[in-house]
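Chain and residue survey
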Amino acid sequence: MSSPDPQVRAARNKSDRPSPDHHPSTTALRAGRTPAARGPVVAVTGAASGVGALLTGRLAASEEVKRVVAIDERRGECTEAQWHILDVRDPAIADKLRGADAVVHLALDLDLETDAAARTAYNVRGTQTVLTAAAAAGVHRVVLCTSTMVYGALPDNELPLSEDAELRATAEATGVGDLLEIERLARRAPRAHPGLNVTVVRPAVLVGGTDTALTRYFESPRLLVVAGSRPAWQFCHVDDLCSALEYAVLEKVDGELAVGCDGWLEQEEVEELSGIRRMELPSAVALGAAARLHRIGLTPSPAGDLAYTMYPWVVSGSRLHDAGWRPAYTNEEVLAELLEEVSGRHTVAGRRLGRKDATAAGAAGATVALLGAAAVVRRARKTRRRI
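In this report, the structure presented in the accompanying data block is examined.

Conventions used here
- Residues numbered from 1 in each chain as written.
- Predicted model: local features only at pLDDT ≥ 70, side-chain atom pairs only at ≥ 80, totals over all residues.
- Heavy atoms only, no water.
- Helix = DSSP H or I, 4+ residues; strand = E, 2+ residues; numbered from the N terminus.
- Buried < 20%, exposed > 50% of the residue type's maximum accessible area, 1.4 Å probe, protein only.
- Contact = heavy atoms within 4.5 Å.
- Areas by Shrake-Rupley, 256 points an atom, 1.4 Å probe, with all protein chains shown as cover.
- Phe/Tyr/Trp six-rings, centres within 6.5 Å; stacked < 30°, edge-to-face > 60°.
- Lys NZ or Arg CZ within 6 Å of the ring centre and 35° of its normal.
- Pairing = 2+ DSSP bridges.
- Right-handed = clockwise from strand over helix to strand, strands pointing away.
- Axes fitted to C-alpha atoms, helices over the stretch in contact; angles between N-to-C directions.
- Parallel < 35°, antiparallel > 145°, perpendicular 65-115°, else oblique.
- Left-handed = near helix turned anticlockwise from the far one by under 90°.
- Core = buried A, V, L, I, M, F, W, Y, C linked by side-chain atoms within 4.5 Å.
- Expected span 1.5 Å × (residues − 1).
- Polar contact = N/O pair within 3.5 Å; in protein donor to acceptor, adjacent residues only side chain to side chain.
- Disulfide = S-S within 2.5 Å.

1. Observations regarding the overall build of the chain
- If you tally the helices and strands in the chain, you get 14 helices and 15 strands.
- Counting across all 387 residues of the chain, residues that qualify as buried make up 52%.
- Across the chain, the fraction of contacts at a sequence separation of at least 24, relative to all contacts at a separation of at least 6, is 78%.
- Here the chain has roughly 17,200 Å² of accessible surface; of this, 52% comes from carbon and sulfur atoms.

Dropping the structure here:
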């Protein structure tokens, strides 16, 4: 069994990680380096923050990319990119894409706190507009980013799933309905716009400045485990996602691509590495409580999010591997980074707690904390009504 100290495990694995000079993506770039004048012009939406900002900087520094066009509602920090400030739902984006060879669409809103209807309207309409505008502007490749969550977390899933596995997710988890609709648009686009190539990149649990229901799972005083479930955890570091997106942009790989660390961690390994003890509840109790708390607005996460902590949804990533790509991080290393990121944060049932509430949560356990979170919100509402 692995060391319970994630830093020890990370240090051990770090010695096996290939240096930047020998990383396969770096080696491929140097072996077949194309003069910048002959490289593609790449447009990135959502370029001012998050994965979009990281990818924009990476592409701007690449000798295989001629020019980067950055699109967002505000200007980002990459001075080497050519910036256009507009909403991706604006049809005028077609004019900004003229001359681009490829577009990476990363302007998605998956914030837990965003109104669900507004989030869907932005994500779906934005993707529709970008695909139509890209075709009108003569762009020949669009790269979309969804998640391996679209495969669904189900008790009969194979370990690992192939990238060609059926997408069996439902719209019951945060943002997954939007991602499934984006996948549908990706399949339809080449038929509606002949000559347009659409590549879909699906990262596993994304870590590195991200805030999702799955990263918040590790902010809890106890790791909720549903009795009878068999979780399997596969992570993806944002740097690995960016290198996979670059592979897709440079046409080193096509199709539907899953990206993440090799292999997976069992729940027992996660608990040992994190040092966080489990709180095991019957399925009916856990799912029922999650559904009720979300329905009355006390937690941002619907009950459907729990499935992804109950059943496996690990993928092989064989297409990227066959193209020569390899992740630079292991699951153990990414988990260690995630634990460092969330240190000091306290979440119960997807709801962030203040310091006072968190102290009570740690002492009382997850079940009492769940009820305590509801009580805190009820008290706050009563106070507001009195004021």
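2. Focus: the environment of Arg75
- Mapping Arg75 onto the fold places it in the loop between β2 (67–72) and β3 (82–85).
- Residue class for Arg75 comes out exposed when judged on its relative accessible area of 53%.
- C-alpha separation for the pair Arg75 and Ser49, spaced 26 residues apart in sequence, amounts to 9.4 Å.
- Apart from residues lying up to four places away in sequence, Arg75 is in contact with Ala48, Trp83 and Ile85.

3. Remarks on the packing of aromatic side chains
- Following the criterion strictly, the structure yields six aromatic pairs and no others.
- A centroid spacing of 5.1 Å and a plane angle of 65 degrees characterise the contact between Phe218 and Trp233, whose relative ring orientation is edge-to-face. Here the residue Phe218 occupies a position in the loop between α7 (213–216) and β8 (223–226), and Trp233 occupies one in strand β9 (residues 232–233), the gap between them amounting to 15 residues.
- The exposure class assigned to Phe218 is buried, which follows from its relative accessible area of 3%.
- Ring centres 6.1 Å apart and planes at 15 degrees place the aromatic pair Trp233 and Phe235 in the stacked group. In this structure, Trp233 and Phe235 share a single accessibility class: buried.
- The structure contains a cluster of three or more aromatic residues connected by ring pairs, namely Tyr217, Phe218, Trp233 and Phe235.
- Above the ring of Tyr247, the side-chain terminus of Lys252 is found at 5.1 Å from the ring centroid.

4. A few points about the pairing of strand β1 (residues 41–45)
- Where burial is concerned, most of β1 is hidden: five out of the five residues are buried.
- The alternating pattern of β1 places Val41, Ala43 and Thr45 on one face and Val42 and Val44 on the opposite face, and all of these are buried.
- The pairing of β1 with β2 spans five bridges and is classified as parallel. In the sheet register, Val41 faces β2, and the bridge partner there is Arg67.
- Crossover handedness for the path β1 to helix α3 (residues 50–61) to β2: right-handed.

5. Here we look at the packing of helix α9 (residues 267–274) against helix α12 (residues 331–342)
- Where α9 contacts α12, the axes come no closer than 11 Å and their chain directions differ by 50 degrees. Judged on the interaxial angle alone, α12 and α9 are oblique. Both α9 and α12 take part in a crossing whose hand is right-handed. On the side of α9, the interface is formed by Val270, Leu273 and Ser274, while α12 contributes Glu332, Leu335 and Leu339.

6. Quick look at the nonpolar core
- Formed by 36 residues in total, the largest nonpolar core has its most connected members in Leu241 and Leu245.
- Among the elements of the structure, β1, α3, β2, β4 (102–105), β5 (141–145), α8 (238–249) and β11 (256–259) are those that each provide at least two residues to this core.
- The element best represented in this core is α8, accounting for eight residues.
- Residues Val41, Ala100, Ile182 and Ala186 belong to the second largest nonpolar core, which totals 35 residues.

7. Brief notes about helix α5 (residues 116–136)
- Taking 1.5 Å of rise per residue, 21 residues should cover 30 Å, and α5 covers 30 Å from first to last C-alpha, within 8% of that figure.
- When α5 is considered as a whole, its buried residues turn out to be Arg119, Tyr122, Asn123, Val124, Gly126, Thr127, Thr129, Val130, Leu131, Ala133 and Ala134.
- On the buried face of α5, the contacting elements are β1, α4 (93–97), β4, β5, α6 (176–192) and β6 (197–203).
- The N-cap of α5, judged by a side-chain oxygen 3.2 Å from the amide nitrogen of Ala117 a few residues on, is Asp115.

8. Section: the state of the cysteines
- Considering all chains together, one arrives at zero disulfides under this definition.
- In this structure Cys242 is not part of a disulfide, and its nearest cysteine sulfur, from Cys236, lies 9.0 Å away.

9. Here's the deal with unusual backbone geometry
- Note that the residue after Leu159, namely Pro160, is joined by a cis bond; omega there is -5 degrees.
- Of note, Pro160 is situated in the loop between β5 and α6.
- Phi at Glu251 takes a positive value of approximately 60 degrees, unusual for a residue other than glycine.
- Considering the arrangement of structural elements, one finds Glu251 in the loop between α8 and β11.
- For Glu251, a relative accessible area of 42% corresponds to the partly exposed category.

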